[in-house]
Amino acid sequence: MPITEEQVKGLQKQIGFYFSNSNIMEDKFLLGQVKSNEEGWVDLSVLCTFNNVKKITTDVAELAQALKGVEGLVVSEENTKVRRTECLPKEWNPLPRTIYAKGFPTDVSLDVLEEFFAKQGKVYKVNRRAYPGKDANGNRKYKESVHVEFSTEEEAKKAVEAGLEYNDVKLVVMFKEQHDKENADRRKKPEAEAGDKRKREEGDEEVEAKKPKQEPIVLPKDASVIFTKIGEGEQRWKVVKTAVAEVATARFCVAEEGTAKLMFNTAEEASKVVAKHAETPFKFDDVTPESCALIAGEDEEKFREAMTTQIEQLRSMQDKQKGGKKGGKGKGKGKGRKGGKGGKGKGKKN
């Protein structure tokens, strides 16, 4: 059955967004597709594998017909490829014109959000912020906040200073850069307070000075991959990690609700995994995953934050275990975390 006029408009809007500066400069997979061709052509068959496209059509000819006449795009004469009419920008920094806004219902639609912020200026992109993972029905759980990228810094500033309200609820609005900094400061504060508490408890500057300094946590960018519909079973992450090891060893692998996310040591390794799957799909036991793609943009940022948190928690546990091992085996009734304060007991020497 042919697609409807409404579906055609949906495809035009979605593909137009895919090839917009705001998306393509952060979408490593699609950007790689564009750069792999001297003239920037991308096969429509590739676009037909994207979730928001294939739920409408997987027919290349149908997609080609729908995209004809879309501003900023041109379809090839043979109706099998599409490209941008403009060259890629040499530099792209959306942060100064991107805002953070909080106070929306969690079920508000993207179309409503775009219409709401369009009153403040030309909107390039609206990102509904979501919690990691999905619910039992496979749906994402969205937060009350969004990121909005405007076409200019002036428009973003106007939105920040407008005192915006939605359904009579005053929104918390600030530049994304400011919100990111406040989040970073909040994460650092508990760490600093915990560090001060440990120093007070130990009361031994000499011991503190001798403690080895931990290296800062620096995770690679553009080095994460997501597989969908990986099958079910216990320790699925191990099956996935073992399968991709023939191409590259994953630094982290998280599998839940039929999806696996892996982080490699370099962006090159991640790209090799995606390319290998495109050529010869991986098999996880007897299951061929539905898709394999680089994790980009806000999704990658969230994944890197989650992995950083795991590392911090592991380090904290290791520190506590090391602290416990410092206690001596004396029989005395001394108190404290260090064996030295149990000096009244007669320790047994091994």
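So, here's what we can say about the structure. (Residues numbered from 1 in each chain as written. Predicted model: local features only at pLDDT ≥ 70, side-chain atom pairs only at ≥ 80, totals over all residues. Heavy atoms only, no water.)

### What to know about the side chain of lysine 176
And step 1. Tracing the sequence through the fold places lysine 176 in helix H9 (residues 176–202).
And step 2. Aside from chain neighbours lying at most four places away, what touches lysine 176 is Leu95, Thr98, Ile99, Tyr100, His147 and Glu301. (Helix = DSSP H or I, 4+ residues; strand = E, 2+ residues; numbered from the N terminus. Contact = heavy atoms within 4.5 Å.)

### Considerations on the packing of aromatic side chains
And step 1. Throughout the structure, instances matching the rule amount to eleven aromatic pairs.
And step 2. With a centroid separation of 5.8 Å and an interplanar angle of 85°, the aromatic rings of phenylalanine 104 and phenylalanine 116 are classed as edge-to-face. Within this pair, whereas phenylalanine 104 is found in the loop between strand S4 (98–102) and helix H7 (110–117), its partner phenylalanine 116 is found in helix H7, the two being separated by twelve residues in sequence. Like phenylalanine 104, the residue phenylalanine 116 is buried in the burial classification.
And step 3. Relative to tyrosine 166, the ring of phenylalanine 116 lies with its centre 5.5 Å away and its plane at 80°, an arrangement referred to as edge-to-face. Placement of the pair is phenylalanine 116 in helix H7 and tyrosine 166 in strand S7 (residues 165–166), with a sequence separation of 50 residues.
And step 4. Judged by relative accessible area, which is 14%, tyrosine 166 ranks as buried.
And step 5. By the ring-pair criterion, three or more aromatic residues cluster together here, those being Phe17, Tyr18, Phe29 and Phe50.
And step 6. Lying across the ring of phenylalanine 282, lysine 276 places its NZ or CZ 4.4 Å from the centre. (Phe/Tyr/Trp six-rings, centres within 6.5 Å; stacked < 30°, edge-to-face > 60°. Buried < 20%, exposed > 50% of the residue type's maximum accessible area, 1.4 Å probe, protein only. Lys NZ or Arg CZ within 6 Å of the ring centre and 35° of its normal.)

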